[in-house]
Every structure is written in C-alpha cells, then in structure tokens.
Amino acid sequence: MRSETFVPFRTGLGFDSHEFEEGKPLYIGGVHIESSFGLKGHSDGDVLLHALTDAILGALAEPDIGELFSDRDERWKSAPSELFLREALKRMRGRGYELINLDCVLIADRPRIAPYKDRIREKLSELTGLPVDRISIKGKRREGFCEVEGIACICTVLLGRTDAG
Ligand code: MG
C-alpha cells in the first residue's frame with residue numbers, strides 16, 4: 001500500500017438527519033435561526049455541521065462522528081456542534097491536509113433555506129477558514145424523501161495535501 005504522502009487529494013461524503021422538536025433552538029451550519037422548533041438530538045442537533053464533520057472524517061478514513069462523540073456520553077449533551085467540526089479539522093490538519101471546497105444539500109420543507117444561505121456560508125467560512133466562494137449550500141424540498149418532518153443534509157468535501165505545492 002502506498003503511503004499517504006502520495007495521496008494529494010481525498011474526497012469525503014457526510015449525511016445526517018434530525019426530526020423536528022418543538023421549543024428547541026434551531027441551528028443550521030452554526031447559525032441560529034428564528035423558529036418555534038429545533039432539531040431533536042443529543043447535541044444541539046446541527047444537521048449541517050454533523051454532515052460536514054462526517055464528510056471530513058470520512059475523507060480521512062477516521063472514526064465517524066458517532067464513534068468519536070457518542071450520544072450516550074453526557075459530555076456531548078446539548079453540546080454545540082462546532083466542537084465536533086473543530087475536532088475533525090484538527091485531525092485533518094494533523095494528517096497534513098487542508099480543505100479545498102465543500103458542497104452541501106439541505107433537504108427541508110421548512111424553514112426555507114434561501115434567506116439564510118449567505119449567513120450560513122459566512123459562518124462556515126469563519127469555522128473552516130475557507131473563503132466563501134469555496135462553500136456551497138443548496139436547499140431542496142423533501143418531495144417524498146421522508147415521512148417524518150425534519151431536516152436532512154448531504155455534504156461532500158475535497159481535501160488536499162498542504163505540502164502538495
Ligand atoms: Mg446528527
């Protein structure tokens with residue numbers, strides 16, 4: 001097997017979904033969105049940050065978000081999901097990679113994603129250090145995808161070796 005040194009690029013794919021929970025604050029991509037409902041989950045339920053974290057971990061073939069941050073572990077109860085992303089970014093940098101771009105699809109009937117798209121891109125830029133023109137967010141309606149109402153997110157990333165020249 002060739003050493004990782006000779007792998008200039010790695011792609012990763014992340015998926016997550018959470019159903020709605022009345023009365024919980026709603027966070028998407030680290031942005032608080034005014035809403036009467038949030039996303040059910042052990043942490044803050046930020047479906048986009050979970051999918052992105054798993055995409056980065058997946059690109060590196062590291063343990064996934066559920067293995068690193070078990071939902072049975074009290075430490076992650078109501079945890080801000082930025083924490084999970086930070087760990088994935090730390091592992092990525094430690095392995096000699098940097099993010100090149102990321103692309104996310106949010107599947108939700110509500111809230112409408114379009115009005116928040118730019119705020120989410122700016123927040124992801126702040127969290128990852130990527131310029132906003134390398135961050136793509138797309139909103140799609142469920143259209144039969146799932147019976148239970150909530151939000152799903154699919155995210156892909158491309159990583160490049162920091163020493164690739
Ligand atoms: Mg999740």
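Residues numbered from 1 in each chain as written. Predicted model: local features only at pLDDT ≥ 70, side-chain atom pairs only at ≥ 80, totals over all residues. Heavy atoms only, no water.

Caption draft 1: The nonpolar core, seen in detail. Ranked by internal contacts, the top residues of the largest apolar core, which has 40 residues, are Leu48 and Ile56. The element contributing the most residues to this core is helix H1 (residues 47-59), with nine residues. For Ile56, the contacting residues outside a window of four places in its chain are Leu85, Ala88, Leu89, Met92, Leu99, Val157 and Leu159. Counting five residues, the second largest nonpolar core, distinct from the first, contains Ile65, Phe69, Ala79 and Phe84. (Core = buried A, V, L, I, M, F, W, Y, C linked by side-chain atoms within 4.5 Å. Buried < 20%, exposed > 50% of the residue type's maximum accessible area, 1.4 Å probe, protein only. Helix = DSSP H or I, 4+ residues; strand = E, 2+ residues; numbered from the N terminus. Contact = heavy atoms within 4.5 Å.)

Caption draft 2: Structural context of the packing of aromatic side chains. This model, assessed by the stated rule, comprises four aromatic pairs. Taking the centre distance of 4.9 Å and the plane angle of 85° together, the rings of Phe69 and Trp76 count as edge-to-face. Under the relative-accessibility criterion, Phe69 is labelled buried at 12%. Measuring from ring centre to ring centre gives 4.5 Å for Phe69 and Phe84, while their planes differ by 35°; the resulting arrangement is tilted. With Phe69 in the loop between helix H2 (65-68) and helix H3 (82-94) and Phe84 in helix H3, this pair connects stretches of sequence that are 15 residues apart. We classify Phe84 as buried; its relative accessible area is 4%. (Phe/Tyr/Trp six-rings, centres within 6.5 Å; stacked < 30°, edge-to-face > 60°.)

Caption draft 3: Geometry of the sheet that holds strand E1 (residues 9-22). The sheet built from five strands is open, its strands ordered E4-E1-E7-E5-E6 with mixed pairing. Of all the strands in the sheet, just strand E4 (37-39) and strand E6 (135-140) have a single pairing partner and so form its edges. The mean inter-strand angle of the sheet, taken between neighbouring strand axes irrespective of direction, is 20°. Relative to E4, E1 runs antiparallel, the two being bridged by three bridges. Considered in E4, the bridge of Glu21 is made with Gly38. (Pairing = 2+ DSSP bridges. Axes fitted to C-alpha atoms, helices over the stretch in contact; angles between N-to-C directions.)

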